[in-house]
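One letter stands for each residue in the lines below.
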Amino acid sequence: MAKRSILHMLDPMPNNSPFDINMALDAGFDVLIPYNNVKLDSVYGLTQDATFSRSPSGVKRTGIFIGGRDLGLAMDMLKTSKQAMVSPFEVSVFADPSGAFTTAAALVTCAEKELKAKHNKELKECSIVIFGGTGPVGIATGIIASLAGADVTLTDHLSADTALDVAKAYNRRFNCTLKGALANSEADKVQLVANTDIIFCTAKAGIQVLSAGVLKEATQLKVAGDVNAVPPFGIEGVKNDDCGAPLSHATKAPGAVGIGALAIGNVKFQLQHELLEAMLGPEQPLYIDFRYAFNKAREMQFGPTID
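These remarks concern the structure in this document.

How each quantity is defined
Residues numbered from 1 in each chain as written. Predicted model: local features only at pLDDT ≥ 70, side-chain atom pairs only at ≥ 80, totals over all residues. Heavy atoms only, no water. Disulfide = S-S within 2.5 Å. Buried < 20%, exposed > 50% of the residue type's maximum accessible area, 1.4 Å probe, protein only. Helix = DSSP H or I, 4+ residues; strand = E, 2+ residues; numbered from the N terminus. Expected span 1.5 Å × (residues − 1). Phe/Tyr/Trp six-rings, centres within 6.5 Å; stacked < 30°, edge-to-face > 60°. Lys NZ or Arg CZ within 6 Å of the ring centre and 35° of its normal.

Some remarks on the state of the cysteines
With the rule as written, the count across this model stands at zero disulfides. There is no disulfide at Cys110, and the cysteine sulfur nearest it, in Cys243, is 6.3 Å away. Exposure remark for Cys110: the relative accessible area of 8% places this residue in the buried category. The thiol of Cys126 is unpaired, and the distance to the nearest cysteine sulfur, on Cys110, comes to 16 Å.

Notes on helix α6 (residues 136-147)
Helix length check: α6 (twelve residues) gives 17 Å between terminal C-alpha atoms against 16 Å at 1.5 Å per residue, within 8%. The element α6 is extensively covered by neighbouring structure, given that eleven of its twelve residues are classed as buried. Pro136, Val137, Gly138, Ile139, Ala140, Thr141, Gly142, Ile143, Ile144, Ala145 and Ser146 are the residues of α6 that are buried.

So, the packing of aromatic side chains
All told, the structure shown has five aromatic pairs when counted by the stated rule. Between Phe52 and Phe89 the ring centres are 5.7 Å apart and the planes differ by 80 degrees, which places this aromatic pair in the edge-to-face class. With Phe52 in helix α2 (residues 40-52) and Phe89 in the loop between α4 (71-83) and β4 (92-95), this residue pair connects regions lying 37 residues apart in the sequence. Since its relative accessible area comes to 24%, Phe89 is described here as partly exposed. Look at Tyr170 and Phe174: their rings are 6.2 Å apart centre to centre, the planes differ by 10 degrees, and that puts the pair in the stacked class. You can see Tyr170 and its partner Phe174 sitting in helix α7 (residues 160-174), four residues apart, about one turn around the helix. The same class applies to Tyr170 as to Phe174, namely buried. The rings of Phe101, Tyr170, Phe174 and Phe290 are connected pair by pair, giving a single aromatic cluster. Lys116 extends its terminal NZ or CZ atom over the ring of Phe302, reaching a point 5.6 Å from the ring centre.

Dropping the structure here:
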């Protein structure tokens with residue numbers, strides 16, 4: 001009898017994400033086991049309990065998913081889980097705290113696609129400002145874009161120090177070059193967007209971050225991406241279903257385009273589904289983080305030959 005596929009879902013928060021549970025079932029896992037309030041020092045033992053209890057063939061039908069909201073903690077949990085593996089009892093591990101890794105990978109790749117198609121530009125040639133940049137999706141987006149060569153600024157709406165501290169912490173951790181800035185007033189936002197190439201809005205749902213007046217001052221804008229699907233949208237003038245829609249009505253920048261939350265979400269959904277599906281029975285275990293997710297998203301958008 002074929003072994004049932006089991007996904008152990010480790011989460012440091014009080015509750016596992018219903019979104020991730022639905023995604024895992026739809027990707028083909030037979031059994032989901034949620035674990036709440038998981039501490040880092042418990043991950044090693046939980047991993048070995050999940051692996052040693054099955055034969056080498058059964059262990060290929062076993063996976064570990066790491067959630068939560070803290071990107072650094074998720075990466076530490078992924079590393080600890082990997083360290084706990086003993087051949088041939090190795091399972092695939094997928095970290096995606098708050099869906100941040102797959103959402104960020106989708107957002108950056110969607111922008112990259114429009115940048116190439118409409119402006120013949122690469123990420124490494126561009127400056128990026130991320131509004132809501134100190135939340136999980138904003139940080140993950142910033143890390144991915146920075147490691148791809150872009151000049152990235154994370155913003156916080158309350159404190160420049162918070163933005164700077166977050167940037168410094170993740171620069172040390174991942175060897176990227178994030179900057180930090182305050183985006184509290186309209187004047188702050190105008191100054192930030194005036195000469196930037198790409199704007200990402202990753203703030204909380206239902207909050208308009210950039211008004212039409214601010215966006216109008218983004219005279220060098222090439223791409224604006226907004227992950228907020230709940231009205232009012234994060235960037236006024238960028239609609240939910242926009243997928244490279246012209247922003248000539250909203251900004252003075254020639255050729256600027258917008259990408260809305262549904263377009264980004266569609267790529268994120270496909271990406272997470274494929275990554276979860278890939279965990280079912282691979283010959284070698286997969287260790288999936290934001291880098292793996294971004295490479296997969298690029299492959300989905302551009303094919304396997306993208307640099």
